[in-house]
Amino acid sequence: MKQFKFAWLAFMVSMMAFAFASCADDDEVKDVSVTGVTVSPSTLELKVGTTGTLTAEVAPAGATKKGVAWTSSDEKVATVDNGTVTAVAEGTATITVKTDDGGFTAAATVTVTKDVPPFDESKYHFDLFLTVDKHGGMSSKNTTIVNSTATLNASAGLISVVREGAELGYYTMESISKGKYYYQVYSPKGTGSGDRFVKYQIKDNKVQVVQEQPFKANTFNARSYTHAWIDDNTLVIMSANGDKTKIIWTKLNANDMTIIDEGEFNEITVPEGWEFLTTSGILTYRQADNKLFYFYYAKRNKDASNPMRATNEPNFRVAVIDPATMAVESQSISPVTSEMAGSAYGELMQNSVMYDEAGNLYLACFEDTDSMEKGMLLRINAGETEFDPSYNGYKDADGKLLTVQYIGNNKAFIYARNDNAPSVTVGGKTIKPTAIDGYSHYYAILDLATGEKTRMSYNGKELAYSGGRFSQRSVIFNNKVYFGTNTKDDQNSIMYIYDIETGNIEKGAEVDGGFFFDMIRVIEND
């Protein structure tokens, strides 16, 4: 009996051992390989100094080894630690996650921007340039007075220069402004040959000189030069020399008004068959590719074919200049018969050049035809140095295109003339639409893609024509266009404020109609 029990016990032990062995075989699970990885979100926008989270999801869900590693394409912009992204500086970085098993990757784009504080309009003011007796421009004999005002909203009421405002004297409204200061070529006579560069402010109803720099080798005439800013402190002045056979240039440090360098262009000469060069021309700087563009043309004196005035070349010229060396890199001729708008003043009064977000350069021009001075808007495409012959953004011209200012979304704010507007009678005198004081000028929004223009309206009615050909009564400030009208029937000039984002327009302050309102500038306060 004992032998039987022992045998039974041995049998049971062996069976249990077999069962345990079988269970052990069942518990052995094979590794599941990774087949891919995704990251979410795929884009992340952060402000400098903030953090965000990216999440990696390894596939399949039952993968054995789910370990991943994170990297940034530019740790100066954004860093990453186990999916937590820290924004370091403005820019764009690619954050990549890579699986330990299989080396599968996925990526997200991180864009870092600065947290820009709300724009503080109280740090700026408007300078209004008013002329006595008649519109300024094309004359140095008119008395010009500048009124500085903190606002042009309707709350400002009537703005006048009676017993207030700074009389410019021999300083001219044809000037350069940037930041807190004005810059210009100064002549002791107010016109003609100058003897120095001047940096000044208009404060407490006075012109207050900050710095003067006597000329060196190159000399310039007041009101007859063009300019461009290469950066916030480097100002280039250009014009024709005394006999107008060469173009001279001076590069200034605007901070202390020292002359950095000066010279003349041997490559820009009077073409065969012509006698001299235009006095000012138009100079502009394209920041996108660090190039200066100078627009100019040649002329010859009155002759039998044109006894009233000097004759211009039919097509103006373009010189592309390296701002570092001031070497001429290339030259070309405009593809159409035309002249630059505002070339008499070199953009010292009116804005005839603008750029869009892509870096396309636009230039207001006109062709003198039998029926009108026909406005045009030509374009040099981004990255190119010659005009696009297929483009004219001002196709439906009814007269001269005077000023252009880019307002975004492929739109421009323009001041133009209708040469077919009716003549008007003022004080018994008939004024033609093409006269300097002609009431034929209007403001409009120009679509740069279609050429369609929409005249400015208020309360559903188009604003009446304004007088003043040589005027720049519009300025862009804090996403609004402030512009002034000077109509025949309004006693005073009236400011309007156009909201670029909403398209709404409101009536602003009025400017004393006893004077001629010619120009507006935005100046930074001290």
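Residues numbered from 1 in each chain as written. Predicted model: local features only at pLDDT ≥ 70, side-chain atom pairs only at ≥ 80, totals over all residues. Heavy atoms only, no water.

1. Observations regarding the packing of aromatic side chains
For the coordinates displayed, the defined rule picks out 27 aromatic pairs. Ring geometry for F477 versus Y482: centroids 6.3 Å apart, planes at 50°, classification tilted. On the basis of relative accessibility, which here comes to 4%, the residue Y482 falls in the buried class. Linked through ring pairs, F413, Y415, Y443, Y458, F483 and Y496 together constitute an aromatic cluster. Taking the ring centre of Y181 as reference, the NZ or CZ of K199 above it sits at 4.3 Å. Residue placement shows R379 over the ring face of Y391; its charged tip is 3.9 Å from the ring centre. (Phe/Tyr/Trp six-rings, centres within 6.5 Å; stacked < 30°, edge-to-face > 60°. Buried < 20%, exposed > 50% of the residue type's maximum accessible area, 1.4 Å probe, protein only. Lys NZ or Arg CZ within 6 Å of the ring centre and 35° of its normal.)

2. Description of the pattern of salt bridges
With the rule as written, the count across this model stands at 15 salt bridges. Its salt-bridge partner being K178, residue D232 comes within 3.7 Å of it at the nearest N-O pair. Here D232, found in the loop between β20 (226–231) and β21 (234–240), pairs with K178, found in strand β14 (residues 176–178); they are 54 residues apart in sequence, far enough to count as distant. On the accessibility criterion, D232 (60% relative accessible area) is exposed. Given a relative accessible area of 28%, K178 falls into the partly exposed group. In this structure, K488 engages D489 in a salt bridge whose closest nitrogen and oxygen atoms are separated by 3.6 Å. Here the salt bridges do not stand alone but share partners, grouping D195, R196 and E212 into one network. (Salt bridge = Lys/Arg side-chain N within 4 Å of Asp/Glu carboxyl O. Helix = DSSP H or I, 4+ residues; strand = E, 2+ residues; numbered from the N terminus.)

3. Regarding the sheet that holds strand β35 (residues 401–408)
The four strands are arranged β35-β36-β39-β40 in an open sheet whose pairing can be described as antiparallel. A single partner strand is all that each edge strand has here, and the edge strands are β35 and β40 (453–455). Adjacent strand axes in the sheet meet at a mean angle of 30°, parallel and antiparallel pairs treated alike. Taken together, the six bridges between β35 and strand β36 (residues 411–417) define a ladder with antiparallel strand orientation. Looking at β36, one finds that V404 is bridged to I414. (Pairing = 2+ DSSP bridges. Axes fitted to C-alpha atoms, helices over the stretch in contact; angles between N-to-C directions.)

4. With respect to the layout of surface pockets
Unfilled space is identified by rolling a water-sized probe across the atoms. Considering only enclosed or pocket space, the largest pocket measures out at about 1300 Å³ in volume. Lining the largest pocket are 40 residues, with S177, K178, W229, N351 and V353 sitting closest to its centre. Looking at the lining of the largest pocket, the elements with two or more residues in it are β14, β20, β25 (282–286), β32 (353–355), β35, β43 (474–477) and β47 (516–524). Taken together, the residues of the lining of the largest pocket break down into 21 nonpolar, twelve polar and seven charged. (1 Å grid on protein atoms, 1.4 Å probe; cavity = no way out; pocket = protein on both sides within 12 Å on 5 of 7 lines; lining within 4 Å. Points joined across faces, edges and corners; volume = space filled by probe spheres on them. Nonpolar A, V, L, I, M, F, W, Y, C, P; charged D, E, K, R; others polar.)

5. A short note on empty space enclosed by the protein
Across all of its chains, the model carries two cavities of 30 Å³ or more by this definition. Within this model, the largest cavity holds a volume of roughly 50 Å³. No other element matches the three residues that strand β39 (residues 441–447) contributes to the lining of the largest cavity. What the second largest cavity holds in volume is close to 40 Å³. Together, I176, Y183, Q184, V185, F197, V198, Y225, L235, I237, L252 and M257 line the second largest cavity. Those elements that provide at least two residues to the lining of the second largest cavity are β15 (181–186), β17 (196–203) and β21. Take the lining of the second largest cavity: its biggest share by element is three residues, from β15. Looking at side-chain class alone, the lining of the second largest cavity contains ten nonpolar, one polar and no charged residues.

6. Details of the nonpolar core
Formed by 32 residues in total, the largest nonpolar core has its most connected members in I176, F197, F220 and I237. Apart from the residues lying within four places of it in its own chain, the contact partners of I176 are Y181, Y182, Y183, Y225, H227, W229, L235, I237, L348 and R521. (Core = buried A, V, L, I, M, F, W, Y, C linked by side-chain atoms within 4.5 Å. Contact = heavy atoms within 4.5 Å.)

7. A short note on the sheet that holds β20
Whenever strands of a sheet pair, they do so through backbone hydrogen bonds, lying parallel or antiparallel. Taken together, the four strands give an open sheet; going across it, the order is β20-β21-β22-β23, and neighbouring strands pair in antiparallel fashion. Every interior strand has two partners, whereas the edge strands, β20 and β23 (258–264), have only one. When the angles between neighbouring strand axes are averaged without regard to direction, this sheet yields 20°. Looking at chain direction, β21 and strand β22 (residues 247–253) are connected through seven bridges and run antiparallel. The partner of M238 across the bridge, within β22, is W249.

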